[in-house]
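Spelled out from the first residue to the last, the chains are:
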Amino acid sequence: MKKYFGLTLFVILGFSAIAQKKQLSLSDAVLQQNRAFRDEQCNAITWIPGTDSYVYTSNNYQTMYQASVKKTEPEQVLTIQEANTALGSQLYNFYGFSFRNTNEILLTDGNNYYSLNLKTKTGSKLVSVVEAGANAEYEMVSGSVAYTIENNLWIVNSKGEKIAVTSNADKNIVSGQTYARSEFGITDGIFWSGKGTYLAFYQKDETEVKSYPLVDITKTPAELMNIKYPMAARF
């Protein structure tokens, strides 16, 4: 009797498992494999300075959680909507955040930099980079940001004052950008000193680098765009 009961239970459970399966379309299988059907992950794991606690974000970087070595069950700390309400900002997610101190994190949308207190849920804008600015590097101690506009390097300090570091009239002389298009593991062209009092940067002469034609398809009609593209030498 026990054998028949066990077999019946096994069959019922088997049909139950089959019933829970979902028929996927080709579109779901291809386009949603890293979205709707992606497993939950701990993104941007960062230790909170001076503690045994850490924070991380959800898959879409829009919710922040906190846990610790002793308390591994995570607690929700903040959502990006709550951060935007506190800062008056329009941040899309927490991607690229960093800690200023034990309670405050630095957030940016690429041009605006904000400080947000995780305990009080309050914060403010620290400094802004002009719309044309690129390759920005924020310095935690001084609160200044070094950035590039075309081929020149600039600094904006915590008071909003702009300082021209270079003034290269020749477009072939490029300051503050990565060298050889991020080759050899080089991903930055601007380097602040430990106390924020000095700034090192790459400067390259692309006079002998030929221009390479690309098509900018983000515009209608498409436009031709020439960039400097170093090629392997021919012997």
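Here, every reference points to the structure presented above.
Residues numbered from 1 in each chain as written. Predicted model: local features only at pLDDT ≥ 70, side-chain atom pairs only at ≥ 80, totals over all residues. Heavy atoms only, no water.

**Brief notes about the overall build of the chain**
Summing up its helical and strand segments, the chain has 3 helices and 18 strands in all. Within the chain, the proportion of its 235 residues that are buried is 31%. A sequence separation of at least 24 residues applies to 32% of the contacts in the chain between residues at least 6 apart. Here the chain has roughly 16,300 Å² of accessible surface; of this, 55% comes from carbon and sulfur atoms. (Helix = DSSP H or I, 4+ residues; strand = E, 2+ residues; numbered from the N terminus. Buried < 20%, exposed > 50% of the residue type's maximum accessible area, 1.4 Å probe, protein only. Contact = heavy atoms within 4.5 Å. Areas by Shrake-Rupley, 256 points an atom, 1.4 Å probe, with all protein chains shown as cover.)

**Thoughts on the environment of Val141**
Turning to its location among the elements, Val141 is positioned in the loop between β9 (134-138) and β10 (145-149). Taking the C-alpha atoms as reference points, Val141 and Ser193, separated by 52 residues in sequence, lie 10.0 Å from one another. Sequence-distant contacts of Val141, that is, excluding residues within four places in its chain, are made with Gly194 and Lys195.

**Things to note about the sheet that holds β10**
With antiparallel pairing, the 4 strands of this open sheet are ordered in space as β9-β10-β11-β12. Strands at the two margins of the open sheet, each flanked by one partner only, are β9 and β12 (162-164). Each adjacent strand pair in this sheet contributes to an overall mean axis angle of 25 degrees, direction not counted. The sheet contact formed by strand β11 (residues 152-156) and β12 spans 3 bridges and is antiparallel. Looking at the pairing, Ile155 lines up with Ile163 of β12. (Pairing = 2+ DSSP bridges. Axes fitted to C-alpha atoms, helices over the stretch in contact; angles between N-to-C directions.)

**A closer look at a nonpolar patch on the surface**
On the surface, a cluster of nonpolar side chains totalling about 460 Å² of accessible area is made up of Tyr212, Leu214, Met225, Tyr229 and Met231. Among the secondary structure elements, Met225 is positioned in strand β18 (residues 223-228). (Patch = residues over 30% accessible without salt bridge, like charges linked within 9 Å, V, L, I, M, F, W, Y side chains within 5 Å. Salt bridge = Lys/Arg side-chain N within 4 Å of Asp/Glu carboxyl O.)

**Digging into the nonpolar core**
Within soluble globular proteins, side chains that are nonpolar generally end up buried alongside one another. Formed by 17 residues in total, the largest nonpolar core has its most connected members in Met64, Phe94, Phe97, Ile105 and Leu107. Elements with a contribution of two residues or more to this core: β4 (75-79), α3 (80-87), β6 (104-108) and β7 (112-117). If you tally residues by element for this core, the top one is α3, at 3 residues. Here Leu107 is in contact with Leu87, Leu91, Phe94, Phe97, Asn112, Tyr113, Tyr114 and Leu116, once residues within four sequence places are set aside. If you look at the next biggest cluster of nonpolar residues, it comprises 8 residues, including Tyr113, Val127, Val145 and Tyr147. (Core = buried A, V, L, I, M, F, W, Y, C linked by side-chain atoms within 4.5 Å.)

**Digging into the sheet that holds β7**
Taken in spatial order, the 4 strands of this open sheet run β5-β6-β7-β8, and their pairing is antiparallel. Both outer strands of the open sheet, β5 (98-99) and β8 (122-128), are each paired with one neighbouring strand and no more. Docked against the sheet, α3 engages β6, β7 and β8, running at close to 105 degrees with respect to β7.

**A look at α3**
Burial in α3 covers these residues: Ile80, Ala83, Asn84 and Leu87. Projection of α3 onto a plane perpendicular to its axis shows the buried side chains occupying an angular sector of 100 degrees, all on one side. The elements touched by buried residues of α3 are β4, β6, β7 and β8. (Arc of directions from axis to C-beta.)

**Considerations on unusual backbone geometry**
The step from Thr220 to Pro221 runs through a cis peptide bond, and the omega angle for that step is -5 degrees. Its place among the elements puts Pro221 in the loop between β17 (211-216) and β18. Residues other than glycine seldom take positive phi values, yet Asn135 does so here, at roughly 55 degrees. Taking relative accessible area as the criterion, Asn135 reaches 41% and is therefore assigned partly exposed.

**Observations concerning the environment of Glu82**
Note on placement: Glu82 falls in helix α3. For the pair Glu82 and Lys121, spaced 39 residues apart in sequence, the C-alpha separation works out to 8.0 Å. Here the side chain of Glu82 touches Thr79 through a polar contact of 3.0 Å, landing on its backbone nitrogen. (Polar contact = N/O pair within 3.5 Å; in protein donor to acceptor, adjacent residues only side chain to side chain.)

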